[in-house]
Amino acid sequence: MKKILNKKSKIFTSVIVILIIVAIILFVYIPYTNAIEITQLKNNGHSQMMGYIIQTKNNKTIVIDGGTHEDSENLINHIKSTTNKVDAWFITHPHNDHASVVIDVINNTDIPIDNIYVTLNDLEWYEENEPERAHQTKDFFDALENDRVKDNVHEVSLHQNIQIDNVNCEILGVKNPEITGNKCTNNSSMVIRMEVNNKAILFLGDTAEESQEKLLENNPEEKIKADIVQMAHHGQNGVNEDFYKIVNPKICMWPTPDWLWINDAGGGEDSGPWLTKTTRKWIENLNVKQNIVEKDGDITIKVW
Ligand SMILES: [Zn+2]
């Protein structure tokens, strides 16, 4: 009788051990081997900027924006030290703190760029609606005409899915020509939802409150919800608190330099007109686990 019981308990223990091994393989080992690395790039000049470089499972390189001309060398070094080519480069909008690096890479290097994804109105739209910064858009348009890349430029469409290795990119927001006014180019930002291992990463570019409304109209809340979010418009004067409540992120990536982080216009903390500290309070209230801030240098996280 005792022997039978012993045998039964041995079988039971073996089954438990096998189940634990299977669970580790399914929930830890497989997701870990399917990981991606996201690096948020630091600002190399004084200006705010935004740049991300992503390595996929099988070493495809994705870039989102890039920064100002002063940031070109840093990003070019990152590209050269990895695959020395870019498989997909997304430009959220053509402002110089986002699109200058890709202009430099196109015009001044021989780094291959397989695909450039944009959402652009006609040049006349920028000239009419934001004349003071239209020359920045013109520089970007000129670079896209370069023979080296002109056949690789794609205008994205709403809800388009772009699969790059193990990363699915869904376009949640595109140019909004009907939204004019002083933040029109910010409001034309591409919004990208990346998904890997059922984890979502939301890139908002410089989305402001007007285009936030369109994002909510065009997408169900479960698509807005994300584990990781790039804080809109450098962490201030972008989307509002209700929007971040829907996102409910665990990790926030802030494309925010030191002076903007503490609202310092040159006269010390709180001497500026910026609203970053208000956004920081919202995020504190959401119990976010990790803040990754541009001011702290190039920071890489593994997502799996
Ligand atoms: Zn910006």
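In every chain, residue numbers begin from 1 and rise along the written sequence. Under the rules for a predicted model, residues below a pLDDT of 70 receive no local features and side-chain atom pairs below 80 are neither given nor counted, while totals for whole chains, interfaces and linings still include all residues.

The helix and strand labels rest on DSSP assignments: H or I over at least four residues marks a helix, E over at least two residues marks a strand, and numbering proceeds from the N terminus. Across its full length, the chain holds ten helices and 14 strands. Expressed as lengths along the three principal axes of its C-alpha atoms, the size of the chain is roughly 90 × 45 × 35 Å. Every C-beta atom is placed from the backbone, and the number of other C-beta atoms within 10 Å of a residue's own sets its class: buried at 20 or more, exposed at 12 or fewer, partly exposed in between. Within the span of the chain, comprising 304 residues, buried residues form 40% of the whole. Here, residue contact means that the backbone-derived C-beta atoms of the two residues sit within 7 Å. In the chain, the proportion of contacts linking residues at least 24 apart, taken out of those at least 6 apart, comes to 67%.

All right, on to the domain arrangement of the chain then. It is common to give the size of an interface as the accessible area lost on bringing the parts into contact. Start and end positions for the domains come from either an automated domain assignment or a database one. As assigned here, the chain comprises domain 1 (1–33) and domain 2 (34–303). Relative placement of domain 1 and domain 2: their C-alpha centres are 46 Å apart.

Three or more residues of helix 6 (residues 209–218) are buried, namely Ser 211, Gln 212 and Leu 215. When helix 6 is viewed along its axis, its buried side chains cluster within an angular range of 115° and face the same direction. On its buried side, helix 6 packs onto strand 8 (167–173), strand 9 (191–196), helix 7 (221–224) and helix 8 (241–247). Comment: arc refers to directions from the helix axis out to C-beta atoms.

Let's shift gears to the pairing of strand 2 (residues 51–55). Burial analysis of strand 2 places five of its five residues in the buried class, which makes it a mostly covered element. In this sheet, strand 2 lies alongside strand 1 (residues 36–40) in antiparallel orientation, the contact comprising four bridges. Note that in strand 2 the partner of Thr 39 across the bridge is Ile 53. For two strands to pair, DSSP has to find at least two bridges joining them. Bridge count between strand 2 and strand 3 (residues 61–65): five bridges; the pairing is antiparallel. Within strand 3, the position partnered with Gly 51 by the bridge is Asp 65. Hairpin connection, strand 2 to strand 3: the antiparallel pair is bridged by five residues, and Asn 59 has positive phi, about 60°.

Taken in spatial order, the seven strands line up as 7-8-9-10-11-12-13 in an open sheet, and their pairing is mixed. Each edge of the open sheet is held by one strand with a lone partner, namely strand 7 (161–164) and strand 13 (290–293). For this sheet, the mean inter-axis angle between neighbouring strands, taken without regard to orientation, is 20°. In this structure, strand 7 lies alongside strand 8, joined through four bridges in antiparallel fashion. By the bridge assignment, Gln 163 is partnered in strand 8 with Asn 168. Angular values range over 0 to 180 degrees, each being the angle between N-to-C directions of two axes fitted as lines to C-alpha atoms, with helices fitted over their stretch in contact.

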